Amino acid sequence: MKLVLSFQGVQIREYALDRPILSIGRHDENDIVIDHMGVSGKHAQIALEGQSVILTDLKSTNGTFVNGQRVERVDLRPNDWISIGKHILTLKAGPR
């Protein structure tokens, strides 16, 4: 599995889900850095738990949305799209 980051329909980067936990946020120490003021310093995290991919919002200011719905914690499925600020992360199936 991988996450594909896009902004305004343009793909920016791909991230392999190759670690137990990936952090998402504006600060440079995150695994996935989204440099936008609508993104919290430590915004959310993705955790691999067995065969599940779990997204958890880290009490971000503007929230984390999956398929248009605000979430705190959700089990992601392939092709789910995560809105963080004005950016979109899409979960794609495939080798980890």
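Just above, that's the structure.
About the criteria used
- Residues numbered from 1 in each chain as written.
- Predicted model: local features only at pLDDT ≥ 70, side-chain atom pairs only at ≥ 80, totals over all residues.
- Heavy atoms only, no water.
- Pairing = 2+ DSSP bridges.
- Helix = DSSP H or I, 4+ residues; strand = E, 2+ residues; numbered from the N terminus.
- Core = buried A, V, L, I, M, F, W, Y, C linked by side-chain atoms within 4.5 Å.
- Buried < 20%, exposed > 50% of the residue type's maximum accessible area, 1.4 Å probe, protein only.
- Contact = heavy atoms within 4.5 Å.
- Axes fitted to C-alpha atoms, helices over the stretch in contact; angles between N-to-C directions.
- Salt bridge = Lys/Arg side-chain N within 4 Å of Asp/Glu carboxyl O.

K.L.:
What am I meant to see in the sheet that holds strand β9 (residues 73–76) here?
P.N.:
The pairing of strands in a sheet happens through backbone hydrogen bonds and is either parallel or antiparallel. The sheet built from five strands is open, its strands ordered β4-β3-β5-β6-β9 with mixed pairing. Each edge of the open sheet is held by one strand with a lone partner, namely β4 (32–33) and β9. Across four bridges, strand β3 (residues 21–25) lies against strand β5 (residues 44–49) in antiparallel orientation. The residue bridging L22 from the neighbouring strand is I46, located in β5.

K.L.:
Could you clarify how one ought to interpret the nonpolar core in this entry?
P.N.:
The nonpolar side chains of a soluble globular protein tend to be buried with one another. Ranked by internal contacts, the top residues of the largest apolar core, which has 22 residues, are L3, L17, I46 and I82. Setting aside its immediate chain neighbours within four residues, I82 contacts L3, I46, L55, T64, F65, V66, L76, H87, I88 and L89.

K.L.:
Whenever I open this one, the sheet that holds strand β2 (residues 10–16) confuses me. Can you help?
P.N.:
Within the open sheet, the six strands sit side by side as β2-β1-β11-β10-β7-β8. Their pairing is antiparallel. Since the sheet does not close on itself, it has two edges, and those belong to β2 and β8 (69–71), each with one partner. Averaged over all adjacent pairs, the angle separating strand axes in this sheet is 30°, with direction ignored.

K.L.:
Hey, could you run me through the pattern of salt bridges in this one?
P.N.:
Should the charged atoms of two oppositely charged side chains come close, the side chains can pair. This structure, assessed with the given rule, holds six salt bridges. The shortest N-O distance in the salt bridge between R19 and D31 comes to 2.6 Å. With R19 in the loop between β2 and β3 and D31 in the loop between β3 and β4, this pair connects stretches of sequence that are 12 residues apart. D31 gets classed as partly exposed once you look at its relative accessible area, which sits at 26%. Through salt bridges with shared partners, a single network forms among D18, R19 and D31.

K.L.:
Hey, could you run me through the pairing of strand β1 (residues 2–7) in this one?
P.N.:
Judged from the six bridges that link them, β1 and β2 form a sheet pairing that is antiparallel. Looking at the pairing, K2 lines up with A16 of β2. Remark: two residues form the turn of the hairpin made by β1 and β2, two consecutive strands paired antiparallel; Q8 in that turn has positive phi of roughly 50°.

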